[in-house]
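Coordinates in review
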Amino acid sequence: MHGPGWPVARSGEVIGLLGGSFDPAHAGHAHVTREALRLFGLDRVWWLVSPGNPLKKQGPAPLDRRLARAREVMDHPRAEVTALETALGTRYTADTIRALQRRYPGVRFVWLMGADNLASLHLWDDWQEIVNRVPVGVLARPGQRISARMSPAARLFARARLRGGAVRGLGRMPPPAWAFVNIPMRADNSSALRAAGEWTVSVPA
Ligand SMILES: Nc1ncnc2c1ncn2[C@@H]1O[C@H](COP(=O)(O)OP(=O)(O)OP(=O)(O)O)[C@@H](O)[C@H]1O
Ligand SMILES: O=C(O)c1ccc[n+]([C@@H]2O[C@H](COP(=O)([O-])O)[C@@H](O)[C@H]2O)c1
């Protein structure tokens, strides 16, 4: 049983987790979510709208505002926008995954991310534990394919990489298992939207 506000998942379901600042959410996030649902054999995807990326110095826009925008952008029956990290009181991904596995026993979680995050995964707290706890699905992003494939994480876990048709079974593979998919890429990014003044960090009066 989960209290109000906790997304529902049945035992045995495969749930992709897309963590991010979503400051603001954009069509690139929605695109990678649809591709992940299609390619990795996922039942659903939950967006984890972060209280704040632990590696970023500047805090993001208020959570409620980011959640509202994310819900406008992501409209899919099998995708859900959540503030789970705020509810769980976690900020680091390893802590979030441990907490979700405790709260949802029997549910299979898959960590999803763009190629830029694979390139810097080795800087995350307990990053090897993340890869050893859940399968990881990586989606191509412009300018990041080579840095991601040459990254410390890709090298250390080279033997755990799935290829070809095996990628479809990612969610049911025992970790460590990861896949990189060469989807049609979209250049959307939140930094550009902030720089263009389309998303101001200050709270509206
Ligand atoms: N266009 C995109 N293609 C592939 N992956 C993406 C794309 N945009 C975002 N992602 C992935 O979605 C997740 C959340 O991204 P995030 O909220 O940081 O957006 P962002 O556009 O990367 O933001 P910023 O420009 O502020 O760094 C990350 O794993 C990121 O790699
Ligand atoms: O756990 C960490 O050390 C860690 C370091 C950097 C980023 N992350 C997570 O990576 C996801 C993408 O972050 P961002 O800010 O690039 O959208 C988000 O869920 C962050 O919490 C996690």
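Just above sits the structure.
A quick note: this is a predicted structure, and the numbers were derived from the prediction, not measured.

With respect to the sheet that holds strand S5 (residues 136–139)
- Taken in spatial order, the six strands make up an open sheet running S3-S2-S1-S4-S5-S6, and their pairing is parallel. Each edge of the open sheet is held by one strand with a lone partner, namely strand S3 (79–82) and strand S6 (178–181). With direction set aside, neighbouring strand axes in the sheet form an average angle of 25°.
- Bridge count for strand S1 (residues 14–20) against strand S4 (residues 108–114) is five bridges, and the pairing is parallel. Counterpart to Ile15 in the pairing with S4 is Phe109.
- Helix-sheet contacts for helix H2 (residues 63–73) involve strand S2 (44–49) and S3, and the interaxial angle to S2 is about 150°.

A word on the site of ligand 1
- Around ligand 1, a shell composed of 19 residues is seen, among which Gly20, Gly28, Gly114, Ser190 and Ser191 lie nearest.
- At the level of secondary structure, the elements contributing two or more residues to the shell around ligand 1 comprise S1, helix H1 (27–39), S4, helix H5 (115–119) and helix H9 (190–195).
- Sorting elements by how many residues they give to the shell around ligand 1 places H1 first, with three residues.
- Looking at the shell around ligand 1 residue by residue, the classes come out as five nonpolar, nine polar and five charged.

Quick word on helix H4 (residues 93–103)
- Those residues of H4 that sit buried are Thr93, Thr96, Ile97 and Leu100. Around the axis of H4, the buried residues are gathered within 95° of arc, so they sit on the same side.
- Those residues of H4 that are buried are in contact with S1, S2, helix H3 (84–88), S4 and helix H6 (127–133).

Things to note about the pairing of S4
- Of all seven residues in S4, seven are buried, a share of seventy percent or more.
- Going residue by residue along S4, you find Arg108, Val110, Leu112 and Gly114 tucked away on one face and Phe109, Trp111 and Met113 tucked away on the opposite face as well.
- Sheet topology places S4 next to S5; four bridges connect them, and they run parallel. Among the inter-strand pairings, Leu112 is bridged to a residue of S5, identified as Gly137.

Observations regarding unusual backbone geometry
- With an omega of 5°, the peptide bond running from Asp23 to Pro24 counts as cis.
- Of the consecutive residues Pro175 and Pro176, the connecting peptide bond is found in the cis state with omega at 5°.
- Tracing the backbone shows Pro176 in the loop between helix H8 (152–156) and S6.
- Notably, Phe22 is not glycine yet its phi reads approximately 45°, a positive angle.
- Its 24 C-beta neighbours within 10 Å are what place Phe22 among the buried residues.

Considering the site of ligand 2
- If you check the shell around ligand 2, you find 15 residues, and the closest are Gly19, Gly20, Asn53, Tyr92 and Trp124.
- Broken down by secondary-structure element, the contributors of at least two residues to the shell around ligand 2 are S1 and H4.
- For the shell around ligand 2, the class distribution of residues is six nonpolar, seven polar and two charged.

Regarding the environment of Ala140
- Position of Ala140 relative to the elements: it lies in the loop between S5 and helix H7 (145–149).
- For Ala140, a count of 18 C-beta atoms within 10 Å corresponds to the partly exposed category.
- Sequence separation of Ala140 and Asp125 is 15 residues, and the distance between their C-alpha atoms is 23 Å.
- With residues near it in sequence (within four places) discarded, Ala140 still touches Ala115, Arg145, Val181, Asn182, Ile183 and Met185.

Calculation rules
- Residues numbered from 1 in each chain as written.
- Chains lettered and ligands numbered in written order.
- Predicted model: local features only at pLDDT ≥ 70, side-chain atom pairs only at ≥ 80, totals over all residues.
- Pairing = 2+ DSSP bridges.
- Helix = DSSP H or I, 4+ residues; strand = E, 2+ residues; numbered from the N terminus.
- Axes fitted to C-alpha atoms, helices over the stretch in contact; angles between N-to-C directions.
- Contact = placed C-beta atoms within 7 Å.
- Near = placed C-beta within 6 Å.
- Nonpolar A, V, L, I, M, F, W, Y, C, P; charged D, E, K, R; others polar.
- Buried ≥ 20, exposed ≤ 12 C-beta atoms within 10 Å, placed from the backbone.
- Arc of directions from axis to C-beta.

The values are spatial; any link to function lies outside them.
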